[in-house]
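# Working through the structure, step by step
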Amino acid sequence: MWNTGEPADSYYAVRPECTDVPKSRFKIRAGKTLSERKWQSAFTPEGHLDISKTLGRIQRGGIHPSIRGEVWEFLLGCYDPKSTFDEREEIRKRRRSQYAMWKEVCHELFPVVGSGRFITAPVVTEDGQPIQDPLVVLETNQDNDSALPSEAGNSANSANSSDADVIASTSAIVEELTSRGPLDKKVIQWLLTLHQIGLDVVRTDRTLVFYENHENLSKLWDILAVYSWIDTDVGYCQGMSDLCSPMIMLLEDEADAFWCFERLMRRLRGNFRCTESSVGVETQLNSLASITQVIDPKLHQHLDALGGGDYLFAFRMLMVLFRREFSFCDSLYLWEVQFRNLVIK
């Protein structure tokens, strides 16, 4: 049982030294927040969900953190509310198997994927040639004895490997890959994005205690690496780690987190399509400008006089759904209210 006014931030612990992070204004409120009991009561014995019973509570008081991941799977469209428990279990198994297959393909191309490590520097040039003596940092979970294939049989010492050994093993992976023949454009582009993913991963939600565990960081890197492999149109762009991070925290199984992220990207991938003549959120920026001009013309004129009439200052806000403008907990509440409105439509 949870108390009225219970601070939701307690479920997303912030590192004690991070004193300047935004504090959540969202509080768990009995009778308004969607609780586990109310959520479970919305299912029939067969597993059909009467989602209309939950949407009002989500609007008024959000979702209790203990069930947030499960509810989000329905709000994001991972599962049809009309499906049964057995049907959803079958879908879950099939999707986990599909993710495992994709991850294995990525692992065969670049064994760092799935190793508990990730890279933060480029390992190939733009024409697909291996970078000799790359300045590679392989972040490692010190509590995990998993090792790269080149270190098989010596995993007990993997946590104590020197930087030189780590760099050598990464170079060996890339050289082995390129020795098979010229890399195709898809592989080159994917390898080029992996270090950018790593750079963003180490900067994502680092005020949270959750990401002090390197296993969680590598899980975030793996999901983004796999997604960038299968979505050849968008691949990976900066900001996608902010969208994926909550899924890692809310869903324990990596494959389930991947599919929630994939569903979210179906709605937002247009934000990341940029060309030389336009940015992905240009339509939304234009809409924001038009709306502001109507509801608050003085504000619009003021922004225009300051040189902000193109509303590019809102670029990041719209691209990652205000993840960096609010506290972690408040941004989740904002998201689920938006998801709830999409379900109604």
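Everything that follows concerns the structure shown earlier in this document.
Described in the following lines is the structure provided in the data block. (Residues numbered from 1 in each chain as written. Predicted model: local features only at pLDDT ≥ 70, side-chain atom pairs only at ≥ 80, totals over all residues. Heavy atoms only, no water.)

Turning to the packing of aromatic side chains, a few remarks are in order. Using the criterion set out here, one finds 19 aromatic pairs in the structure. With a centroid separation of 4.8 Å and an interplanar angle of 35 degrees, the aromatic rings of Tyr 99 and Phe 258 are classed as tilted. In this pair, Tyr 99 sits in helix H4 (residues 85-109) while Phe 258 sits in helix H9 (residues 254-268), placing the two residues 159 residues apart along the sequence. Here Tyr 99 falls in the buried class, since its relative accessible area comes to 4%. Look at Phe 258 and you get buried, because its relative accessible area is 0%. Between Tyr 227 and Phe 261, the ring centres sit 5.2 Å apart and the planes meet at 70 degrees, which makes this aromatic pair edge-to-face. One end of the pair, Tyr 227, is in helix H7 (residues 214-230); the other, Phe 261, is in helix H9, and 34 residues separate them in sequence. Between Arg 95 and the ring centre of Trp 259, over which it is positioned, the NZ or CZ distance is 5.8 Å. (Phe/Tyr/Trp six-rings, centres within 6.5 Å; stacked < 30°, edge-to-face > 60°. Helix = DSSP H or I, 4+ residues; strand = E, 2+ residues; numbered from the N terminus. Buried < 20%, exposed > 50% of the residue type's maximum accessible area, 1.4 Å probe, protein only. Lys NZ or Arg CZ within 6 Å of the ring centre and 35° of its normal.)

With that settled, consider H4. In this model, H4 (25 residues) spans 36 Å end to end at C-alpha, consistent with the 36 Å of a helix rising 1.5 Å per residue. Considered for burial, the residues of H4 that qualify are Arg 88, Ile 91, Arg 92, Arg 95, Tyr 99, Lys 103, Cys 106 and Leu 109. (Expected span 1.5 Å × (residues − 1).)

Another aspect to go through is unusual backbone geometry. Negative phi values dominate among residues other than glycine, just as trans dominates among peptide bonds. For Asp 205, which is not glycine, the phi torsion reads 50 degrees and is therefore positive. Mapped onto the fold, Asp 205 is located in the loop between helix H6 (185-201) and H7. The class of Asp 205 is buried, set by a relative accessible area of 13%. Even without being glycine, Phe 322 reaches a positive phi, approximately 65 degrees.

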